[in-house]
Amino acid sequence: MSLDTVSGRSLSILGATGSIGASTLDLVRRNRDAFRIVALTGHSNVAALAALAREFGAEFAAIGDEALLPDLRAALSGSGIATGAGAGALIEAAQRPADLVVAAIVGCAGLAPTMAAIEQGRTVALANKEALVSAGAVMTRAVTQHGTTLLPIDSEHNAIFQCLAGNDPVHVRWITLTASGGPFRDWNAARMGAATPAEAVRHPNWSMGAKISVDSATMMNKGLEFIEAWHLFPVGVERLRILVHPQSIVHSMVEYRDGSTLAQLGPSDMRVPIASALAWPARMTTPCEPLDLAEIGTLTFRHPDEVRFPATRLAREAVIAGGAAAAVLNAANEIAVAAFLSGHLPFTSIVQCCQDVLACGLPGSPQCLDDVIAVDREARVRAHETLMPSR
Ligand code: NAD
Ligand code: MG
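What you are looking at is a predicted structure, and each value in this text was computed from that prediction instead of being measured.

A few words now on the domain arrangement of the chain. When the parts come together, some accessible area is lost, and that loss is often what is quoted as the size of the interface. Partitioning the chain into domains gives domain 1 (3–128) and domain 2 (183–241 + 263–289 + 305–390). If you average the C-alpha positions of domain 1 and of domain 2, the two centres end up 24 Å apart. The interface is formed by 24 residues belonging to domain 1 together with 26 residues belonging to domain 2. Scanning the region where domain 1 abuts domain 2 turns up one salt bridge. R271 is paired through a salt bridge with D26; the nearest N and O atoms lie 2.8 Å apart. One can count four residue pairs in polar contact (both at pLDDT 80 or more) joining domain 1 with domain 2. Of all the secondary structure elements, the ones that give two or more residues to the side of domain 1 that touches domain 2 are β1 (9–14), α1 (19–29), β5 (100–103), α5 (111–119) and β6 (123–126). Of the residues belonging to the side of domain 1 that touches domain 2, the class tally is 15 nonpolar, six polar and three charged.

Here it is in structure tokens:
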């Protein structure tokens, strides 16, 4: 495969052992001359992290779980690869000089390392939507202050980013986020009430980590993406909308005031938006199947059903409420999804838990990273308390 527009680009991946990490490294593997790996991180899978660090000749490997440092050292002994463990090591991985940092840790656990990468003022490719949802203005302010380029990897936001290129957002009439609707899009409430974790993670179109798969099933993923879009593309909440598009071919759209709608289409393969960020502002070849629209035949769209899937309504309300609301929503969702995945909570109670935690009242508006972390911590405690009776 030839790649003549990108060469010698140095790259760090936070969350290298996950689904986005694997897709990113697959592209790097196919374009070894174009990229140099600086730092890789994982949470607890030492064997996987060590294997990737050796394969790609990383400078530094960091494992989130501090207790696993001896195991990581043993697994990388003789390789010359520096090792670290715990929160400080994740931040070191984010801070090591690199042209591009891929932020692909799942959940608010990725917030501090993502902020550390942003504060270096380089280019950050953002998959870790929970970090932006929680930190909101604190993160976007840091992006401006440090002159950081934030490239969205989330397929919808990457699509919007591409559709906005060269246009003034002042001319935008609508930004439409598309949603697959998840595996339960045609299920009734009773059936959803009995949904199992195995059913929830079996997404019809995308292969992803467990947490985002459950978020897709509740449509909280689209709720979080609505908040993410509101921060990334400042056109105002009234210009953002969601359409269910079960085929996941149109990844999002921008309609301008002259009546032109620009959309980005592609296969349901995260390597497409990841490649767009890795090569930005150039383009690189991917192994993804070309889009065969004649074969696909039909693309359909419908309005979301916020009675069966109230998550997108909660997210819109959190944007309007402002302050700590989005951070509280995200934290409650993380706790509830974990409880569901471990078999302790019915599927339909996930979003109910978020609603209950938000109804407890909101803490003050976070002004800095420490404030966001404090709000996140407090909301997690509240979520645990809310869930107590159902355990
Ligand atoms: P995943 O669960 O497959 O991988 C998560 C990564 O984060 C792993 O490397 C894991 O080791 C690491 N991690 C988990 N908990 C951690 C902790 N406490 N401390 C440090 N590291 C930790 O998740 P994923 O599907 O790759 O998703 C990653 C992020 O990208 C999420 O925010 C998700 O919403 C977003 N995203 C994913 C997809 C997708 O297709 N998978 C698409 C769009 C956006
Ligand atoms: Mg997405």
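Let us look at the pattern of salt bridges. Scanning the entire structure with this criterion turns up 23 salt bridges. In this structure, K222 and E225 form a salt bridge, with 2.6 Å as the shortest nitrogen-oxygen distance. With K222 and E225 both in helix α12 (residues 220–232), this residue pair falls three residues apart, about one helical turn. The exposure classification of K222 matches that of E225, with both residues buried. The closest approach of N and O atoms between D305 and R308, which form a salt bridge, is 2.9 Å.

Turning our attention to the side chain of S213. As for its placement among the helices and strands, S213 is situated in helix α11 (residues 210–218). When neighbours within four sequence positions are excluded, S213 is seen to be in contact with A200, V201 and M208.

T17, S19, I20, E130 and G209 are the nearest of the 22 residues found near ligand 1. G15 has a polar backbone atom sitting 3.3 Å from an oxygen atom of ligand 1. The contact in question runs from an oxygen atom of ligand 1 to an N or O atom on the side chain of T17, over 2.7 Å. Protein chains shield 86% of the accessible area of ligand 1, which is 820 Å² for the free molecule.

Conventions we followed
Residues numbered from 1 in each chain as written. Chains lettered and ligands numbered in written order. Predicted model: local features only at pLDDT ≥ 70, side-chain atom pairs only at ≥ 80, totals over all residues. Heavy atoms only, no water. Domains from an automatic or database assignment. Contact = heavy atoms within 4.5 Å. Salt bridge = Lys/Arg side-chain N within 4 Å of Asp/Glu carboxyl O. Polar contact = N/O pair within 3.5 Å; in protein donor to acceptor, adjacent residues only side chain to side chain. Helix = DSSP H or I, 4+ residues; strand = E, 2+ residues; numbered from the N terminus. Nonpolar A, V, L, I, M, F, W, Y, C, P; charged D, E, K, R; others polar. Buried < 20%, exposed > 50% of the residue type's maximum accessible area, 1.4 Å probe, protein only. Near = heavy atom within 4 Å. Areas by Shrake-Rupley, 256 points an atom, 1.4 Å probe, with all protein chains shown as cover.

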